[in-house]
Amino acid sequence: MADGPYKFIRDGDGKVSRVIRVGTRKSQLARIQTDSIVEKLKGLHPDVNFEIVAMSTTGDKILDTALSKIGEKSLFTKELENALEKNEVDLVVHSLKDLPTVLPVGFTIGAVLKRENPHDAVVLHPKNKGKRLDALVNKSVIGTSSLRRAAQLKRRFPHLEFKDIRGNLNTRLKKLDEKDDFSAIVLAAAGLRRMGWENRISQILGPEDCMYAVGQGALAVEVRARDRDILEMVSVLNDSDTVLSCIAERAFLKHLEGGCSVPVAVYTEVKNSQVYMTGAVFSLDGSDSLKETMQTSISSDNQTEEQEKVDEKVQRVGITALKVSGAAQDAAVKLGVDLGNLLLSKGAKEILTVARQLNDAR
């Protein structure tokens, strides 16, 4: 058993069962995502009691400032990690794209679940029902709080204008529907689908229009790195293709030293034991960009290696994925780093430095 104070409860029949506390953000989407993971864990461990502990994070509280301006890497995760550190919760559910590529010491991502559709989606103001972005009138205002989305869409749809919109999904949809400030907003398709709001999606943006954020569409379970039994328990949730795609994407972002405050985008596919990854960087207005594609083999021919020991050393860009081949994970890291180097050799550093400075000056 791992060290750390465990919580147990005794039922009416005197049966003692372990309690595992699961931390989550308070938003409706976060609760839906957490509930889906707890359901899976309950099915696998019917004798364990799972307790959900919801809390507000800095990102949930600061709603009048663009995310890229707040300048805090762990906006939506810090409070949850504090609770994990103090043993108030035993695991935390996040959207992977909210987790920085370097986690605080002592934490690791123990599971990355099968990815939902990772693309961005267009949600229209009711008056524009049935239209696509290219059919909106000149100077229509599109709401997005993401520099990555704005940079790509400005380049692709120069007749549109882009403004920040903050708040959780419910708040953003309300702002769109009840006011006339926005003709449309752009959101992650995954969140809309998980909320059951697929009927509001008028257009899914493919990679030719808008490549997605690193880790977008995937849920992650963060745990204390020393808790071997919890790590083991959540590791069965890992989806190998998603783990490898997200390791490559996170290695790419980390190598470019990107974060919320710069436009970095990816598009990754796993097929026939190969990971194909396209990575791009953009200037804030989208006029300047670099985009390249690379691939690597993740063949399972040589995957007999001993199961990895749980220690910080096998954490790859914040992820400790038991039950996924170490050799394949290393290949995924190398793919991300190589792709990052290729873009850096073509001038990505300059594009991102200017983007960062311009964003800071806004």
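Residues numbered from 1 in each chain as written. Predicted model: local features only at pLDDT ≥ 70, side-chain atom pairs only at ≥ 80, totals over all residues. Heavy atoms only, no water.

1. Considering unusual backbone geometry
- One non-glycine residue, Lys139, adopts positive backbone phi at about 65 degrees.
- Tracing the backbone shows Lys139 in the loop between strand S6 (120-124) and strand S7 (141-143).
- Look at Asn272: it is not a glycine, yet its phi comes out positive at around 50 degrees.
- A relative accessible area of 70% places Asn272 in the exposed class. (Helix = DSSP H or I, 4+ residues; strand = E, 2+ residues; numbered from the N terminus. Buried < 20%, exposed > 50% of the residue type's maximum accessible area, 1.4 Å probe, protein only.)

2. Observations concerning the sheet that holds strand S10 (residues 201-205)
- Here we have five strands laid out as an open sheet, ordered S8-S7-S9-S6-S10, and mixed in their pairing. In the strand order of this sheet, the two ends are held by strand S8 (161-163) and S10, each with one partner. The sheet shows a mean angle of 30 degrees between the axes of neighbouring strands, taken without regard to direction.
- Sheet contacts for helix H5 (residues 147-156): S6, S8, strand S9 (184-188) and S10; angle to S9, the most-contacted strand, approximately 125 degrees.
- Lying on the sheet, helix H6 (residues 169-178) is in contact with S6 and S9; it crosses S9 at an angle near 165 degrees. (Pairing = 2+ DSSP bridges. Axes fitted to C-alpha atoms, helices over the stretch in contact; angles between N-to-C directions. Contact = heavy atoms within 4.5 Å.)

3. Points about the environment of Ile32
- Within the element layout of this structure, Ile32 appears in helix H1 (residues 28-44).
- With a relative accessible area of 29%, Ile32 lands in the partly exposed category.
- Sequence separation between Ile32 and Met195 is 163 residues, and the spatial gap between their C-alpha atoms is 7.4 Å.
- If we ignore the near neighbours within four places in the chain, the residues touching Ile32 are Arg194 and Met195.

4. Notes on the environment of Lys346
- Here Lys346 lies in the loop between helix H10 (326-345) and helix H11 (348-361).
- Given a relative accessible area of 45%, Lys346 falls into the partly exposed group.
- Taking C-alpha positions, Lys346 is 7.7 Å from Leu290, a pair spaced 56 residues apart along the chain.
- Residues within four places of Lys346 in sequence aside, it is in contact with Leu290 and Glu292.
- Side-chain polar atoms of Lys346 contact the side chain of Glu292, separated by 3.2 Å. (Polar contact = N/O pair within 3.5 Å; in protein donor to acceptor, adjacent residues only side chain to side chain.)

5. Points about the packing of aromatic side chains
- Counting across every chain of the model gives one aromatic pair.
- Judged by centre distance (6.1 Å) and plane angle (70 degrees), the ring pair of Tyr212 and Tyr267 falls under edge-to-face. One end of the pair, Tyr212, is in the loop between S10 and strand S11 (219-224); the other, Tyr267, is in strand S12 (residues 264-271), with 55 residues separating them in the sequence.
- Since its relative accessible area comes to 1%, Tyr212 is described here as buried.
- When the ring centre of Phe157 is taken as origin, the NZ or CZ atom of Arg156, which lies over that ring, is 5.4 Å away. (Phe/Tyr/Trp six-rings, centres within 6.5 Å; stacked < 30°, edge-to-face > 60°. Lys NZ or Arg CZ within 6 Å of the ring centre and 35° of its normal.)

6. Describing H11
- With 14 residues, H11 should cover 20 Å at 1.5 Å per step; its first-to-last C-alpha distance of 20 Å lies within 8% of that length.
- Here H11 has its buried residues at Ala348, Ile351, Leu352, Ala355 and Asn359. Down the axis of H11, the buried set is contained in an arc of 90 degrees. They therefore lie on one face. Along H11, exposed side chains directed more than 90 degrees from the buried face belong to Gln357, Asp360 and Ala361. (Expected span 1.5 Å × (residues − 1). Arc of directions from axis to C-beta.)

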